[in-house]
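# Overview (structure and organization)
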Amino acid sequence: MKKIFLTLTAVVIPFLTGTAQIKNPIYKDKKAPIEARIENLISLMTLEEKIMQMNQWTYGKNANPNNIGEIMKAANPEIGSLLYRSTNPEYRNQIQKKAMTETRLGIPIIFGFDAIHGYRTVFPIPLAQACSWNTELVKQSCAITAKESWLSGLDWTFSPMLDVARDARWGRVSEGYGEDTYANSVFAVAAVQGYQGENLADKYTIAACLKHYIGYSLSEGGRDYHYSDISNQTLWETFMPPFEAGIKAGAATVMCGFNDISGIPASANHYTLTEILKRKWGHQGFVISDWGSIRNLVEQSVAKDLKEAATKSVLAGVEMDMVDNAYLDYLPELVKEGKVPMATIDEAVRRIIRVKMKLGLFENPYVDVVPEKKRYLLPEYLKVAEELAAESMVLLKNKKQTLPITDKYKNLAIIGPMVKDSVHIMGFWEGMGRPEDVETIFDGLQKEFKNKATLNYALGCNFEGEDKSGFAEALAAAKKSDAVVVFLGEKRNWSGENGSRSTIALPKIQEELVAELQKAGKPIILMLSSGRPLELIRLNEMADAIVEIWQPGTVAGSSVAGILSGRHNPSGKLSITFPQTTGQIPIYYNMREAARPDLGHYQDIPRDALYWFGHGLSYTTYEYSPIKLSKTKIQKGEKIIAEVEVTNAGSRDGKETVQWFVKDPFATISRPMKELKYFEKKEIKSGEKVVYRFEIDPMRDLSYLDSVGVRHLEAGDFYVIVNNQKIKFELVD
Ligand code: GLC
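How each quantity is defined
Residues numbered from 1 in each chain as written. Predicted model: local features only at pLDDT ≥ 70, side-chain atom pairs only at ≥ 80, totals over all residues. Heavy atoms only, no water. Core = buried A, V, L, I, M, F, W, Y, C linked by side-chain atoms within 4.5 Å. Buried < 20%, exposed > 50% of the residue type's maximum accessible area, 1.4 Å probe, protein only. Contact = heavy atoms within 4.5 Å. Pairing = 2+ DSSP bridges. Helix = DSSP H or I, 4+ residues; strand = E, 2+ residues; numbered from the N terminus. Axes fitted to C-alpha atoms, helices over the stretch in contact; angles between N-to-C directions. Domains from an automatic or database assignment. Buried area = accessible area lost by both parts, 1.4 Å probe. Salt bridge = Lys/Arg side-chain N within 4 Å of Asp/Glu carboxyl O. Polar contact = N/O pair within 3.5 Å; in protein donor to acceptor, adjacent residues only side chain to side chain. Near = heavy atom within 4 Å. Nonpolar A, V, L, I, M, F, W, Y, C, P; charged D, E, K, R; others polar. Phe/Tyr/Trp six-rings, centres within 6.5 Å; stacked < 30°, edge-to-face > 60°. Lys NZ or Arg CZ within 6 Å of the ring centre and 35° of its normal. Parallel < 35°, antiparallel > 145°, perpendicular 65-115°, else oblique. Left-handed = near helix turned anticlockwise from the far one by under 90°.

### Points about the nonpolar core
- M54, W156, Y213, W281, Y327 and L331 are the most contacted members of the largest nonpolar core, which has 125 residues in total.
- Once residues lying within four places of it in the same chain are set aside, the contact partners of M54 are V314, E319, M320, D321, Y327, L331, I345, A348, V349 and I352.
- Core analysis: the second largest hydrophobic core is formed by 45 residues, Y216, L534, I546 and Y611 among them.

Written as structure tokens, this is what we have:
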């Protein structure tokens, strides 16, 4: 009797409360075609269940102070996604179990987070990673990030950021891959492959999210969250290609930006979100809004209230609402009022469910639970972190071979606010990185120069302020040393989100410290840690050597110390131009030519940037042979091979990146002075020669996109440019 009663209870109550799970529906059959499974599930869902899928709430402590008004929510198991800020996989599994077993349809939740340049192992900021020109290392760092994230309960990262950098006052230049469109496209693919692996359903892989779609980096005046006035020509030529590359690489999701694109906000822009992303490029995943960007349509005065904002975003092609509750609160009535067709809701849910099925979440909704020591900071992870950090550092200046620090220096003054820092050195978006795990620069120097040099440490000054009380001690340390190594830089939140600065110069106190140290009359080596290019017009004159170390992350110490000692031979080249001054912004290598190239430049500073995109020195010397071309005249359907032989003429082994540029001197529209079209990094041992080859495909490498995204290839002369050499060839119809 009791058994009958329990069975009845187990069947009747769930049925009455609507949580009775349907037995063996197609959508649960992993052998059924994915699209059939999706359609079957949609056919069973109520409108409320569909709308819940289109929402993301947060779970865990809000780590991003810019996302004000964050509302903590008890995790309703029918929610589509959680922005998951816990490192505990068991919480995730507990929440997921409720979704799988206590809801009518058992639809898994997708857990997302900002693992931008690492999770617990923090890698260099993406701007720095691009300076390594090592796509394999970047891919490895993303694969490690994916594994640490997956084992912490995540299925999805809001990365890579592909906003081509044009204004270094904008703090988020730190999060992308620099000023070049092609470089951002190549690193987009490396990141997507690293995160998503061969199969998104495999363990340790997570969905990528291309952001911030699109043109966010042109936020007016470098002020974050501001509007972007972008011509369609620039939209297509500069900003679209990295996103197209990421989509073609299979990126599962996209995040729209805060900016309005010439008046139409990215979060309500049907042209970009639907016509281009989905109809032209065939994106099969979904778009999530940025934090509050649906709600922000009201501030941007294109929606009178949240209901109208919800209408505009969902009709434009934003499938998931990040924390605004705009969809949750208004879509039910908008559908009932006929303002949002059910077909729109179904298409949004279709895309969300498709990503969840590709992730394998219906079959494998839970992650493995392993102890933290097997989850994070494994030795092989730290090795990749050191390599990538060292290869991202850029030797900007090295007068009279001041560096590396060999036995010519027995006493080293080690000075500055970055020396013992373990917070700012990780940069913005440090994920779940912890200061206690950071190997500080001081730690690294002590290890590297043990029994080789005496380190005379002094703080000198803080990052900012007027306090010069540390100058005397710093000068004394410099006077008793053979060389002075000064570690200056930015605080982590001076760049990154909401990190807009009216000047990219370091605070005056830091420059005054260097001026004071000059009184010791010793070589001055500047080591700069920043999330953006810096204004170095004054510091450049005071220093004998300068290395931009960026924000190297967890393994800061060994990577920096290795560069100073020469254990790592610098191989980094700038992914973003360093202007003379803030006032010279915008300045980037692939500008178009002025009407009067020799006139119109600022009268008060040198005409050129201080250090251009692509600049980077080494401790060895590379000699380039003249460029060789397989032909000097080709038809449009033909290809042309360009070759250059590089000799390592120095005494140290090294790695050299050859960057291949093309120039179209005459075309229907004005073209950039040159454009990066290919790059390759290779190791060259001392005394060896290596041949670098670039196969030019005219349609890919010599054409341009017009203002409606049509590619044009025009016959005429072209130049190949490598390492300041250029050679002409002709393309004929
Ligand atoms: C932030 C950022 C975005 C991030 C999101 C979630 O405001 O703009 O890049 O992924 O919110 O933290």
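### What to know about the sheet that holds strand β3 (residues 110-113)
- Spatially, β4-β3-β2-β1-β10 is the arrangement adopted by the five strands of the open sheet, whose pairing is parallel. Here the strands that pair on one side only, and so sit at the sheet edges, are β4 (156-157) and β10 (321-322).
- Here strand β1 (residues 55-59) runs beside strand β2 (residues 81-84); their pairing, made up of four bridges, is parallel. Paired with W57 across the bridge in β2 is L82.
- Helix-sheet contacts for helix α4 (residues 89-101) involve β1, β2 and β3, and the interaxial angle to β2 is about 165°.

### Details of the pairing of strand β20 (residues 640-648)
- β20 sits mainly inside the fold: seven of its nine residues count as buried.
- In this structure, strand β17 (residues 622-624) lies alongside β20, joined through three bridges in antiparallel fashion. Of the residues in β20, the one forming a bridge with Y624 is V646.
- Alignment of strand β18 (residues 628-629) against β20, held across two bridges, turns out to be antiparallel. Bridge pairing in β20 links K628 to E643.
- In this structure, β20 lies alongside strand β23 (residues 689-696), joined through eight bridges in antiparallel fashion. Paired with A642 across the bridge in β23 is F694.

### Focus: the side chain of T311
- As for its position among the elements, T311 is in helix α11 (residues 306-316).
- You can call T311 buried: its relative accessible area is 13%.
- Leave out the neighbours within four places in its chain, and T311 touches L334 and V340.

### Regarding the domain arrangement of the protein
- Taken domain by domain, the protein comprises domain 1 (1-43 + 72-111 + 357-377), domain 2 (378-584) and domain 3 (622-732).
- At the junction of the two partners, domain 1 supplies eight residues and domain 2 supplies seven residues.
- For the pair domain 1 and domain 2, the two sides together bury roughly 540 Å², of which 66% comes from carbon and sulfur.
- Taken together, the links from domain 1 to domain 2 amount to zero salt bridges.
- Our count for the domain 1 to domain 2 interface comes out at one residue pair in polar contact (both at pLDDT 80 or more).

### Remarks on the sheet that holds strand β27 (residues 725-732)
- One open sheet holds the five strands; their spatial order is β19-β27-β26-β21-β22, and the pairing between them is mixed. Of all strands in the sheet, those with a lone pairing partner are β19 (633-635) and β22 (675-684), marking the two edges. The average undirected angle you get between the axes of adjacent strands in this sheet is 25°.
- Relative to β27, strand β26 (residues 716-722) runs antiparallel, the two sharing seven bridges. Bridge assignment links V720 to a residue of β27, and that residue is I727.

### Quick word on unusual backbone geometry
- Between Y213 and I214 the backbone carries a cis peptide bond, its omega angle lying at 5°.
- Relative to the elements of secondary structure, I214 occurs in the loop between β5 (209-213) and α8 (232-248).
- Residue P404 follows L403 across a cis peptide bond; omega there is 0°.
- If you trace the backbone, P404 turns up in the loop between β11 (394-398) and β12 (411-415).
- Backbone geometry at W133 places phi at a positive 55°, although glycine is not the residue there.
- You can see W133 is positioned in the loop between α5 (126-132) and α6 (135-150).
- Located in the positive-phi region is V323, a residue other than glycine, with phi close to 60°.
- Mapped onto the elements of the fold, V323 is located in the loop between β10 and α12 (326-336).

### Comments concerning the environment of F578
- Among the structural elements, F578 can be located in the loop between α20 (556-565) and β17.
- Here F578 falls in the buried class, since its relative accessible area comes to 0%.
- The sequence separation of F578 and L396 amounts to 182 residues, and the corresponding C-alpha distance is 10.0 Å.
- Not counting chain neighbours up to four residues away, the residues in contact with F578 comprise L396, P533, L534, L536, E548, W550, A609, L610 and Y611.

### Quick notes on the site of the ligand
- In the vicinity of the ligand, 15 residues are found, and the nearest of them are D114, R172, K211, H212 and D290.
- The contact in question runs from an oxygen atom of the ligand to an N or O atom on the side chain of D114, over 2.5 Å.
- Within the side chain of H212, one N or O atom sits 2.7 Å away from an oxygen atom of the ligand.
- A per-class count over the shell around the ligand returns seven nonpolar, three polar and five charged.

### Quick word on the packing of aromatic side chains
- For the structure on display, the rule yields 30 aromatic pairs.
- Centroid distance W156 to F158: 5.1 Å. Interplanar angle 75°. Geometry classified as edge-to-face.
- In this structure W156 comes out as buried when scored by relative accessible area, which is 0%.
- Geometrically, the ring pair formed by W156 and F286 is edge-to-face, given 5.3 Å between the ring centres and 75° between the ring planes. Taken as a pair, W156 in strand β4 and F286 in strand β9 (residues 286-288) lie far apart in primary sequence, 130 residues in all.
- Look at F286 and you get buried, because its relative accessible area is 0%.
- Aromatic rings pair up to connect W133, Y177, Y182, F187, Y589, F613, F661 and F679 into one cluster.
- Here R120 stacks its cationic end above the ring of Y376, 4.5 Å away from the centre of that ring.

### Comments concerning the packing of helix α15 (residues 379-392) against α20
- For the pair α15 and α20, interaxial distance at closest approach is 8 Å and the crossing angle is 45°. Classified by the angle their axes make, α15 and α20 are oblique. Along this stretch, α15 crosses α20, giving a crossing that reads as right-handed. On α20, the residues that touch E386, A389 and A390 of α15 are S558, S559 and I563.
- Of the residues belonging to the contact of α15 with α20, the class tally is three nonpolar, two polar and one charged.

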